Amino acid sequence: MDTVPQLQRQFVEYTTSLYREGYLDDQFSQLQKLQDESNPDFVVEVVSLFFEDSEKLLNNLTAALHQENIDYKQVDAHVHQFKGSSSSIGAQRVKNVCVVFRNYCEEKNLDGCMVCLQQAKNEYILVRNKLEALFNLEQQILQAGGSVPMMV
C-alpha cells in the first residue's frame with residue numbers, strides 16, 4: 001500500500017495550487033524554512049496565532065464600522081494590523097484586500113469599507129480553511145510514518 005507517497009504527492013499538488021491561486025506567497029515558504037527538528041510545530045503555531053488575531057481584528061473592524069460616528073483612523077489602524085499579520089504568514093489575498101481597504105479608510109468611504117470588510121472576512125475564511133486542510137494533510141503523512149515534503 002503506497003499511502004505515504006500518495007499523501008506526499010497530494011501535499012505537493014495542494015501546496016502548489018495555494019501559491020498558483022494566490023492564497024499564499026513566498027513569505028509562507030520563508031516561514032516553513034524556519035521550522036526544524038527543534039521546533040517542528042513552528043508554522044502551525046505561528047499560523048494559529050494569525051487565526052486568533054484575525055478573528056479579533058475582524059470583530060473589531062465590524063464593531064468600528066457600525067459606530068454612529070466612525071473613527072476612520074481607528075479602522076485604518078485595525079486594517080493596517082490585519083495587513084501586517086496577513087503579510088507575515090504569506091496570506092497574499094487577505095493582504096491585497098487590506099491594501100484596497102486602507103484606501104477606502106483614507107477616503108472615509110463607508111460603502112467601500114463595508115465591501116472590503118466582507119471581502120476580508122471571505123478571504124480570511126478561505127485561507128484559514130485551506131491552511132487547516134494543508135496542516136491536516138501534514139498530520140496524515142506523519143501519522144502514516146512518512147515525512148512532509150519540503151517545498152522549494
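Structure's up top.
Below is a summary of the structure that appears in this document. (Residues numbered from 1 in each chain as written. Predicted model: local features only at pLDDT ≥ 70, side-chain atom pairs only at ≥ 80, totals over all residues. Heavy atoms only, no water.)

### As for the overall build of the chain
Item 1. When its secondary structure is counted, the chain shows six helices and zero strands.
Item 2. Listed by position from the N terminus, the elements making up the chain come as α-α-α-α-α-α.
Item 3. Across its three principal axes, the chain shows a C-alpha extent of roughly 60 × 30 × 20 Å.
Item 4. Across the 152 residues in the chain, those meeting the buried criterion constitute 38%.
Item 5. Pairs at least 24 residues apart make up 67% of the contacts formed inside the chain by residues separated by at least 6 positions.
Item 6. Counting only carbon and sulfur atoms, one obtains 49% of the accessible surface of the chain, whose full area is about 8700 Å².
Item 7. Charge separation in the chain, taken as the distance between the mean sites of 13 positive and 21 negative side-chain charges, equals 5 Å. (Helix = DSSP H or I, 4+ residues; strand = E, 2+ residues; numbered from the N terminus. Buried < 20%, exposed > 50% of the residue type's maximum accessible area, 1.4 Å probe, protein only. Contact = heavy atoms within 4.5 Å. Areas by Shrake-Rupley, 256 points an atom, 1.4 Å probe, with all protein chains shown as cover. Lys, Arg positive; Asp, Glu negative; His and termini not counted. Charge placed at Lys NZ, Arg CZ, Asp CG, Glu CD.)

### Let's talk about unusual backbone geometry
Item 1. Positive phi outside glycine occurs at K108, with the angle close to 55 degrees.
Item 2. As for its placement among the helices and strands, K108 is situated in the loop between α5 (92-107) and α6 (110-143).
Item 3. A relative accessible area of 56% places K108 in the exposed class.

### A look at the nonpolar core
Item 1. Ranked by internal contacts, the top residues of the largest apolar core, which has 40 residues, are F28, V47, V75, F82, F101 and L131.
Item 2. Every element with two or more residues in this core is listed here: α1 (3-20), α2 (26-33), α3 (42-65), α4 (72-89), α5 and α6.
Item 3. With 11 residues, α6 is the single largest residue contributor to this core.
Item 4. With residues up to four places along the chain from it excluded, the contact list for F101 reads L61, L65, V75, V79, C113, C116 and L117. (Core = buried A, V, L, I, M, F, W, Y, C linked by side-chain atoms within 4.5 Å.)

All quantities given are derived from atomic positions and should not be read as evidence of function.
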